[in-house]
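For reference, the chains in residue letters:
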Amino acid sequence: MNAQEYVSQFMADVIAKNPNEPEFHQAVREVVESVAPLIVENPQLLNLKVMERIVEPERVVMFRVPWVSDSGEVMINKGYRIQMNSAIGPYKGGVRFHPSVNLSILKFLAFEQTFKNSLTTLPMGGGKGGSDFNPKGKSEMEIMRFCQSFITELYRHIGPDTDVPAGDIGVGGREVAYMFGQYKRLANEFTGTFTGKGRSFGGSIMRPEATGYGACYFGQAMLATRGESYKGKTVAISGAGNVAQFAAQKATALGAKVVTLSDSNGFIYDPQGINEEKLKYVFMLKNVQRGRIREYVTKYPEAQYFDGQRPWIVKCDIAMPCATQNELNEEEARTLIANGCTCVVEGANMPTTPAAIAVFQNAKILYSPGKASNAGGVATSGLEMTQNSIRLGWSKEEVDQKLQSIMANIHERCVEFGTEDDGYVNYVKGANIAGFMKVADAMVAQGIV
Ligand code: NDP
């Protein structure tokens, strides 16, 4: 069987066994296409059905999350935790609260997480969880009651050596703190079962910054392969949440001009650049007032708001999608290239559609998949786990230095396994192969489990 036949047969099986899960199929196909040549040449991987086992979650927990609204109405949401793979460490991955959450989205995220965590070189398996709960417009007490109810069921399935959740879309420091509080109460122990905790109760310095900063460090490493850097570049960023905010901050600190931010309603374009002072306003608007990005143009009238549109129509050198999956399509990829974009660094998970990735790769521009360039978040979560275990806290300089060296290391691994005959670095292939090899090796060693 050749690699192409393996991919066709494998994907037919995955689709038949996991119907109606398009995001999961998309994520699996991307990895299988990268690693198939390796698998068909290695009878051990083939016969031990390593890839077939990797796509089957070790455990999926689905549960009811009942809670009571401020007006006294009984509300019911779905809760999930996908415990995907524990070959190299306890399950590790965020929790997402968004109305779009379903099994397909969480399985794709848990699957991606397995390879991302492997790439960090830290001992973390892959997991992801969440709920179709919509935090928008909810009161502080409703958020707290929801988090408590979510954990009242989930607490029995997680633990510092079993499964360590963190934040993701709709789950930031506030939600992690409420979940940790309820977990601690039910488990009757203070352990590092969550990461992204507040600094006063075991959180790592730099964890909030880590994903966005890490993406910029990765972008710098990619640009350096072509003798370039962020300095003097124009950057378009999507999203206005945790990842987007700190990507904007670091890109600005590295000398770039960030001209866009967005949310699910539209994007803002500030041709003068969203500088440090304007970013402070964005932090307050999004994290304290919990407002919408369109309010930016009221405060800064030199900027424009584009309702219902995404930032990829704006001229930029570097694009950093930092909002959500499949938020950059083929047509937008062509527009970016036509406008002179030469580097795409994913802060979000799977934000670029497969057809758009092909456009970037065919044009031979720098393109990094999220599982490599956004791994700084989970890497710093790994550092938080270590600090919790040794009951010590590292300084900002120590954590930042470790983050930088982890991102440089991931970049090196991508170059090692992704460089093609003509010298072009296929970061997708590099990240998938490097991430897969460590997990596969551990699974082979541990037997049929
Ligand atoms: P946040 O909830 O802090 O922010 C998400 C941002 O994306 C918001 O501006 C939100 O806008 C926008 N967004 C969400 N859903 C959509 C949608 N369907 N269409 C358009 N815009 C949307 O999440 P994070 O910043 O933490 O996460 C962003 C991405 O980064 C996700 O893909 C996540 O999986 C990934 N990631 C996050 C990590 C972390 O450490 N937080 C680590 C690694 C990856 P709105 O307010 O309108 O919903």
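Calculation notes
- Residues numbered from 1 in each chain as written.
- Predicted model: local features only at pLDDT ≥ 70, side-chain atom pairs only at ≥ 80, totals over all residues.
- Heavy atoms only, no water.
- Pairing = 2+ DSSP bridges.
- Helix = DSSP H or I, 4+ residues; strand = E, 2+ residues; numbered from the N terminus.
- Phe/Tyr/Trp six-rings, centres within 6.5 Å; stacked < 30°, edge-to-face > 60°.
- Buried < 20%, exposed > 50% of the residue type's maximum accessible area, 1.4 Å probe, protein only.
- Lys NZ or Arg CZ within 6 Å of the ring centre and 35° of its normal.
- Arc of directions from axis to C-beta.
- Contact = heavy atoms within 4.5 Å.

Any chance you could explain the pairing of strand β8 (residues 266-269) here in plain terms?
For a regular strand, side chains alternate in direction, first toward one face of the sheet and then toward the other. Examined bridge by bridge, strand β7 (residues 257-263) and β8 share four bridges and lie antiparallel to one another. Of the residues in β8, the one forming a bridge with L261 is I268. Counting the residues between successive antiparallel strands, the hairpin from β7 to β8 contains two residues. In this sheet, strand β9 (residues 304-307) lies alongside β8 in antiparallel orientation, the contact comprising four bridges. Bridge assignment links F267 to a residue of β9, and that residue is F306.

Honestly, the packing of aromatic side chains in this entry has me stumped. Any pointers?
What describes a pair of aromatic rings is the distance from one ring centre to the other and the angle between the planes of the rings. Within the structure shown, the criterion is met by 22 aromatic pairs. Between F24 and F111 the ring centres are 6.0 Å apart and the planes differ by 85 degrees, which places this aromatic pair in the edge-to-face class. Separated by 87 residues along the polypeptide, F24 in helix α2 (residues 22-40) and F111 in helix α5 (residues 103-119) bring together distant segments of the chain. With respect to burial, F24 and F111 carry one shared label: buried. Arranged with centres 5.4 Å apart and planes meeting at 80 degrees, the rings of F97 and F150 form a pair that is edge-to-face. Placement of the pair is F97 in strand β3 (residues 91-97) and F150 in helix α6 (residues 140-154), with a sequence separation of 53 residues. Overall, F150 belongs to the buried group, its relative accessible area being 0%. Site record: aromatic cluster; members linked through ring pairs are F63, W67, F97, F133, F146 and F150. Looking at K402, its charged tip hangs above the ring of W394, at a distance of 4.6 Å from the centre.

Is there a simple way to explain helix α12 (residues 330-338) in this structure?
Along an α-helix, residues three or four positions apart point the same way, because every turn accommodates 3.6 residues. Listed as buried for α12 are E332, A333 and L336. Along the axis of α12, the buried residues cluster in a sector spanning 105 degrees; they form a single face. Along α12, the residues that are exposed and aim more than 90 degrees away from the buried face are E331 and A338. Elements in contact with the buried residues of α12: β10 (318-320) and α13 (354-362).

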